[in-house]
Amino acid sequence: MNSIFFDAPLCDELRRQQLYNGQLFVYSATPGTLAFCEFTRQLVEEAFAPYDPREAQHFLPVERFMAILADLKPRFIHHPRAKELIQTILLERGCVLDKTYFDVPRLRTMTHGDYLKTGLAYAFHPHRDTWFSAPFSQQNWWLPVYDVQPENVMAFHPYYWSNPVRNGSQEYNYYVWNKTSRGKAAEQLKTDTRKQPHIQQELAVDPQFRIVSPAGSMLIFSGAQLHSTVPNESSYTRFSIDFRVVNYDDLVHRRAALNIDSESTGTTLRDFLRASDFSRLPDEIVAMYDSGTEVDGELIYRPPA
Ligand SMILES: [Fe+2]
């Protein structure tokens, strides 16, 4: 059974337990999340001026749209203000900053129709983040930058929380991905040719549920949830922010969601930064989750200068 908790007054520890059991959490907007939306809107609106970013795709050739994203997304990801805002949001949600680690936030853009579904605006087929070497205790924190509709959000497929899906994760190694594919997002204009774990069976996409909540609301779910980007039929580009979170004590004690079908190797844990001082996880913790493939590629992705 999957439940959705709304504005639940649970402490972080109990929330994490529930997340690892497949429950989802939705929170109303807070000063921190609204500030994050405001900051993001400013960057996005400057980048797409004079157009409304949600409608710019109807006026710009796709190559121009892609070029704007190629400049905008790295600026957003590495902006010092974004890290500060995540600190604020984690505090608002009762996380202990010394024990909480996050990965830099991503700005996602999902365009309407068939305009652009690859590379920098990749439309995610149904997947679990754990197929992509995410730790099983990963929490995904997701917030819409503008209001969303059922036609441009994410779908969850609750049947598969406890039922395995045949998938290609056994061929995915995070370090090889960092070395050979990650830097090529901007080149994927018509089709995304990079090798990624896909489902290898017929999938019952229903029952599914979609959470439609206002700009600045926060959705938190386990990285082991099967989720997908729905075909965007809203006429508007969706802009959302997400970042991943792990808790130190849960990593030490291996408290996490169950692995029912992920066979990827390597771990994304080296990407996480401690919320109090932005230091990385100790090597001995990362080593607990490594797979002996550390010699195969790039442990931490370094974008070209
Ligand atoms: Fe995902």
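None of these values were measured; they are calculated from a predicted model.

Chemist: Any details on the overall build of the protein chain? Residues and values, ideally.
Modeler: When you go through the protein chain residue by residue, the secondary structure sums to 7 helices and 11 strands. In terms of C-alpha radius of gyration, the protein chain reaches 18 Å, essentially the compact-globule figure of 19 Å for 305 residues. Taken over the C-alpha atoms alone, the protein chain extends approximately 50 × 45 × 40 Å along its principal axes. A total of 305 residues make up the protein chain; the buried ones form 54% of that total. Taken as a whole, the protein chain presents about 13400 Å² of accessible surface, with 52% of it coming from carbon and sulfur. Seen as two clouds, the 31 positive and the 37 negative side-chain charges of the protein chain have centres 2 Å apart.

Chemist: Run through the coordination of the iron ion, naming residues and quoting values.
Modeler: Tetrahedral coordination by four donors sets the ideal angle at the metal to 109.5 degrees; octahedral coordination by six donors sets it to 90 or 180 degrees. The iron ion binds to the protein through His127 (NE2), Asp129 (OD) and His227 (NE2); the donor distances cover 2.2 to 2.3 Å. Along the chain, the residues that donate to the iron ion are spaced as H-x1-D-x97-H. Of this pair, Asp129 sits in the loop between β4 (106-110) and β5 (139-144) while His227 sits in strand β9 (residues 227-229), placing them 98 residues apart in sequence. Under the relative-accessibility criterion, Asp129 is labelled buried at 11%.

Chemist: Kindly report on the sheet that holds strand β7 (residues 209-210), identifying the contributing residues and their values.
Modeler: What the 3 strands build is an open sheet, ordered β7-β6-β9; its pairing is antiparallel. The sheet terminates laterally at β7 and β9, the two strands that pair on one side only.

Thresholds applied
Every chain begins its residue count from 1, and numbering advances along the sequence as written. Totals for whole chains, interfaces and linings use all residues, but because this is a predicted model, local features are given only for residues with pLDDT of at least 70 and pairs of side-chain atoms are given and counted only at 80 or more. Values reported for side chains reflect all heavy atoms of the structure, with hydrogen atoms and water molecules removed beforehand. Numbering goes from the N terminus for both helices and strands, where a helix is a DSSP run of H or I of at least four residues and a strand is a run of E of at least two. Both definitions apply: the radius of gyration is a C-alpha atom measure, and the globule rule equals 2.2 Å times residues to the power 0.38. Residue exposure (1.4 Å probe, protein chains only): buried if accessible area is under 20% of the type maximum, exposed if over 50%, otherwise partly exposed. Shrake-Rupley sampling with a 1.4 Å probe provides the accessible areas, and residues are treated as covered by the protein chains on show and by no other component. Neither His nor the chain ends contribute to the count of charged residues, in which Lys and Arg are positive and Asp and Glu negative. Every charge is mapped onto a representative atom, which is NZ of Lys, CZ of Arg, CG of Asp or CD of Glu. Donor atoms (N, O, S) are those found within 2.8 Å of the metal centre, with the cutoff raised to 3.2 Å for Na, K and Ca; water is not part of the atom list, so apparent gaps in a site can occur. Strand pairing follows a simple DSSP-based rule, namely that at least 2 bridges must link the two strands.

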